[in-house]
Amino acid sequence: MEQTLKIPTHIGFIMDGNGRWATQRGLSRSDGHRQGAEAMKKVVKACSQKGIKVVSIYAFSCENWSKRPQTEIKFLFSLITQFVKKEMKDYVKSGYRVRFSGDLSQLPKSTQNAVQKIIDASKDNQGLIVNIALNYGSHQEIVRAVNRILQSGLREIDEQMLEDCLYSAGLPPLDLVVRSSGEKRLSNFMLWQASYSELIFLDKYWPDFDEDTLDEILKEYSKRDRRFGGIS
Ligand code: FPP
């Protein structure tokens, strides 16, 4: 019997394996990231077409700065900046709202400017919300939230108050986190927001992700029995 497809409200992607995808083909790591950006384009569009409301994407972690060669970091930011300037114009036209999670003040000025422009241009849109985690870490996000609360003088809080101080304030919790490349870990990605999320780890590298991969993911998600601490 055909199973009815369940559509998550909020899906997160940890884009992993760009480097290995490229190495396998005798290409440079930059080629892998370029192809990764192409895959992101396809997957985000497919998410919108499926009726998903929010897509969160891990583009650059706080830890990436010290663990990659400077040349790769420089390339990544030029790629991300180009993507924001060019491709995200289409996002605005398509009615998507683009937001960012992470400490943007540490990014190259050109990236900051491009990011701010796209946030402003899309802020009233009502379509798919695209949340890009950029210079992001979940621990850093939670500590920042606590510091903001302390600065307000409060001495006791509830969950909602902490949530309101996260970068993701106002977004629904993650229903599903997907990681490519066969690694089975969350790597400091939206840990608070993923507390009851389903997890899917696929063996293929991120540049190979496309619309068909999303179909595969949604089929698997639809089989999951989400109990949130309850019983079936
Ligand atoms: C992980 O693969 C990928 C990244 C750290 C960068 C992801 C960024 C992009 C795809 C650029 C597009 C992003 C936006 C927002 C336009 P890896 O390099 O760690 O792969 P490896 O583990 O095989 O080396």
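Residues numbered from 1 in each chain as written. Predicted model: local features only at pLDDT ≥ 70, side-chain atom pairs only at ≥ 80, totals over all residues. Heavy atoms only, no water.

## Notes on the overall build of the chain
Phase 1 of the analysis: Within the chain, the secondary structure is distributed over eight helices and six strands.
Phase 2 of the analysis: Traced from its N-terminal end to its C-terminal end, the chain shows the element sequence β-α-α-β-α-α-β-α-β-α-α-β-β-α.
Phase 3 of the analysis: In terms of overall dimensions, the chain is globule-like: its C-alpha atoms have a radius of gyration of 18 Å, near the 17 Å expected for 232 residues.
Phase 4 of the analysis: Viewed in the frame of its principal axes, the chain has a C-alpha envelope of about 55 × 55 × 35 Å.
Phase 5 of the analysis: The long-range share in the chain, meaning contacts at least 24 apart out of those at least 6 apart in sequence, stands at 76%.
Phase 6 of the analysis: Of the roughly 12300 Å² of accessible surface on the chain, 50% is carried by carbon and sulfur atoms. (Helix = DSSP H or I, 4+ residues; strand = E, 2+ residues; numbered from the N terminus. Rg over C-alpha atoms; globule rule 2.2 N^0.38 Å. Contact = heavy atoms within 4.5 Å. Areas by Shrake-Rupley, 256 points an atom, 1.4 Å probe, with all protein chains shown as cover.)

## Some remarks on the pattern of salt bridges
Phase 1 of the analysis: Across all of its chains, the model carries 20 salt bridges by this definition.
Phase 2 of the analysis: Between Arg-20 and Asp-16 there is a salt bridge, with its nearest N and O atoms 3.3 Å apart.
Phase 3 of the analysis: In this structure Arg-20 comes out as partly exposed when scored by relative accessible area, which is 31%.
Phase 4 of the analysis: For Asp-124, the salt bridge goes to Lys-123, with nearest N and O atoms at 3.6 Å.
Phase 5 of the analysis: Taking the relative accessible area as the measure of exposure, Asp-124 reaches 59% and is therefore exposed.
Phase 6 of the analysis: Within this structure, Asp-175, Glu-198, Glu-220, Lys-223, Arg-224 and Arg-226 form a network of salt bridges that share partners. (Salt bridge = Lys/Arg side-chain N within 4 Å of Asp/Glu carboxyl O. Buried < 20%, exposed > 50% of the residue type's maximum accessible area, 1.4 Å probe, protein only.)

## Topic: the sheet that holds strand S1 (residues 10-14)
Phase 1 of the analysis: Reading across the sheet, the six strands line up as S3-S4-S2-S1-S5-S6 and stay open at both edges, with parallel pairing between neighbours. A single partner strand is all that each edge strand has here, and the edge strands are strand S3 (97-101) and strand S6 (198-201). Looking at each pair of strands side by side, their axes are set apart by 20° on average, direction ignored.
Phase 2 of the analysis: Strand direction decides the pairing type here: S1 and strand S2 (residues 54-61), joined by five bridges, are parallel. Note that in S2 the partner of Phe-13 across the bridge is Ile-57.
Phase 3 of the analysis: Along the sheet, helix H5 (residues 109-122) contacts S3 and strand S4 (129-136); its crossing angle with S3, the most-contacted strand, is approximately 135°. (Pairing = 2+ DSSP bridges. Axes fitted to C-alpha atoms, helices over the stretch in contact; angles between N-to-C directions.)

## Some remarks on H5
Since the α-helix turns once every 3.6 residues, residues separated by three or four places project in the same direction.
Phase 1 of the analysis: The end-to-end C-alpha distance of H5 is 20 Å, a good match for the 20 Å that 14 residues give at a rise of 1.5 Å each.
Phase 2 of the analysis: Within H5 the residues assigned to the buried category are Thr-111, Ala-114, Val-115, Ile-118 and Ser-122. Projection of H5 onto a plane perpendicular to its axis shows the buried side chains occupying an angular sector of 100°, all on one side. In H5, the exposed positions that point more than 90 degrees away from the buried face belong to Lys-109 and Lys-117.
Phase 3 of the analysis: Of the surrounding secondary structure, the elements contacted by the buried residues of H5 are helix H4 (70-93), S3 and S4. (Expected span 1.5 Å × (residues − 1). Arc of directions from axis to C-beta.)

## Observations regarding the site of the ligand
Phase 1 of the analysis: Residues in contact with the ligand amount to 19 residues; listed here are only the nearest, Met-15, Gly-19, Arg-20, Arg-29 and Arg-68.
Phase 2 of the analysis: At a separation of 3.3 Å, an oxygen atom of the ligand approaches a polar backbone atom of Gly-17.
Phase 3 of the analysis: Backbone polar atom of Gly-19 to an oxygen atom of the ligand: 3.1 Å apart, as the coordinates give it.
Phase 4 of the analysis: Contact with the protein chains removes 92% of the 620 Å² of surface that the ligand exposes when unbound.
Phase 5 of the analysis: Going through the elements one at a time, helix H1 (18-24), helix H2 (29-50) and H4 are the ones with two or more residues in the shell around the ligand.
Phase 6 of the analysis: Ranked by the residues each element gives to the shell around the ligand, the list is headed by H2, at five residues.
Phase 7 of the analysis: Residues belonging to the shell around the ligand are distributed by class as follows: nine nonpolar, six polar and four charged. (Near = heavy atom within 4 Å. Polar contact = N/O pair within 3.5 Å; in protein donor to acceptor, adjacent residues only side chain to side chain. Nonpolar A, V, L, I, M, F, W, Y, C, P; charged D, E, K, R; others polar.)

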